[in-house]
Amino acid sequence: MEHSTHIEISKSALYNNLSFIKKLLGSKTAFSSVIKGNAYGHGVENIVPLEEEFGVSHFSVFNADEALKVFQASNGSSTIMIMGMLLPEQIEWAIENDVEFVAFDIGRVKTALQYAEKIKKKAKIHIEIETGMNRTGLERKNIPRICKLIQDNKNYVEIKGVCTHFAGAESIANYYRVKKQEKAYQSALKKMEECGIVPEKRHVACSAAAIKYPKTKMDMARIGILQYGFFPTREIMISYLSHSKTNINPLKRIITWKSKVMGKKSIKQGEFVGYGNSFFANSTMEIAIVPIGYSQGYSRSLSNQGRVLIGGHFAHIVGVVNMSMILVDITNIANVQLGDEVVLIGKQGEHEISVASFSDFTNQVNYELLTRLPVDIPRIVTE
Ligand SMILES: *Cc1c(COP(=O)(O)O)cnc(C)c1O
């Protein structure tokens, strides 16, 4: 357990975002909550129970380890879908436990069929179609083969979905590529239907697509970043707001990242502070030592640039971010005590450090900053 820092997860902010998503998707589109990357850094063990309590019942993860975490955190009423990595031997576990998974090649379907036959239970699979991202995805020329395989083994497989993923729906620069992908997906779907395969759910949309390309919502949308209170990009936020009646951001950040003052020191004029000579004290100053560093995901590029909140005031980072510590300037903040709360991301008094403002300095997008927050920082759910 790490005691120098903790993360707070706001239940009311999460529920605000889930209500927004529910409205965005409407009654015809199911919501799959994407919680890969430890629920984008928020902690699977917190997010799953909170969301189930809200009524969410479908979770998408990247691999079998993540699926197991959801399995353990869940009340047992939810569907889990693995979108990516799955070792052949993990496929048996998935089938046994009704965990659904995406298949993007014939090999995985064959392996699934073998295990399904062995344990006499249907594999629940989603076929991912290659439509232009050129990452995972079944080549469309292989559709007839996979159809035959499925038709010949109907007792061992259930086609839960046919899906694809867009190569950058969050930027208008990719408009034609996305549109081409939509077309390719529709033609693949038709091909599958012609050979008698009708998926339970057609699903292609991520957060950006659900906002920017409403037709892609279909039967289910796989939504990640919106849940955590962020638009995928500023562009998508502007696009959303320009179509809405207000210009107020409907999403709320659910994460607050905090630490504490660990030490204080007075610096004489003319001294360098911290490693090397990147910070020179032009005058006498007071600094506070905060036990947070790049080993806890606090980017080294915030050296001499980032800021934190102490006593409701901004305190600038002095010198380089160390592995486990930063030094901040508290010269103009009165009465700072050891143990005082330090906010790295979030509100304190009248000021706020947003994830975006924080990552502007480092060129890390929200996605990367959040998921890099180490798993062992304690997460605490607050109202
Ligand atoms: C991560 C992911 C999503 C969710 O993306 P967001 O932009 O966070 O909504 C959807 N589909 C797939 C395949 C993903 O990997």
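Our structure is the block above this text.
Residues numbered from 1 in each chain as written. Predicted model: local features only at pLDDT ≥ 70, side-chain atom pairs only at ≥ 80, totals over all residues. Heavy atoms only, no water.

A. The arrangement of the packing of helix α3 (residues 44–54) against helix α4 (residues 64–73) in detail. Running from N to C, α3 and α4 point in directions that differ by 50°, and their axes come no closer than 9 Å. Compared by their axis directions, α3 and α4 come out oblique. The crossing of α3 and α4 is right-handed. Residues Val44, Glu45, Val48, Pro49 and Glu52 of α3 lie in contact with α4, whose contacting residues are Lys69, Val70 and Ala73. Looking at side-chain class alone, the contact of α3 with α4 contains five nonpolar, no polar and three charged residues. (Axes fitted to C-alpha atoms, helices over the stretch in contact; angles between N-to-C directions. Helix = DSSP H or I, 4+ residues; strand = E, 2+ residues; numbered from the N terminus. Parallel < 35°, antiparallel > 145°, perpendicular 65-115°, else oblique. Left-handed = near helix turned anticlockwise from the far one by under 90°. Contact = heavy atoms within 4.5 Å. Nonpolar A, V, L, I, M, F, W, Y, C, P; charged D, E, K, R; others polar.)

B. Representation of the packing of aromatic side chains within the structure. Enumeration according to the criterion identifies eleven aromatic pairs in this entry. Arranged with centres 5.3 Å apart and planes meeting at 75°, the rings of Phe20 and Tyr240 form a pair that is edge-to-face. Here Tyr240 lies in helix α10 (residues 234–243) and Phe20 lies in helix α1 (residues 11–25), a separation of 220 residues in the sequence. Put simply, the rings of Phe20, Phe231 and Tyr240 touch in pairs and so form one group of aromatic residues. (Phe/Tyr/Trp six-rings, centres within 6.5 Å; stacked < 30°, edge-to-face > 60°.)

C. How the structure looks around α3. What α3 keeps buried is the set Val44, Asn46, Ile47, Val48, Leu50, Glu51 and Glu52. Count one or two residues on from α3 and you reach Gly55, which has phi positive near 120°. (Buried < 20%, exposed > 50% of the residue type's maximum accessible area, 1.4 Å probe, protein only.)

D. Spotlight on the environment of Gln181. Residue placement: Gln181 occurs in helix α8 (residues 175–194). With relative accessibility at 0%, the residue Gln181 sits in the buried group. Distance in space between the C-alpha atoms of Gln181 and Ile197 is 20 Å, their sequence separation being 16 residues. In this structure, Gln181 is in contact with Thr131, Gly132, Met133, His165, Phe166 and Ala167, ignoring residues within four places of it in sequence. Polar contacts involving the side chain of Gln181 include one to the main-chain amide nitrogen of Ala167, which spans 2.9 Å. (Polar contact = N/O pair within 3.5 Å; in protein donor to acceptor, adjacent residues only side chain to side chain.)

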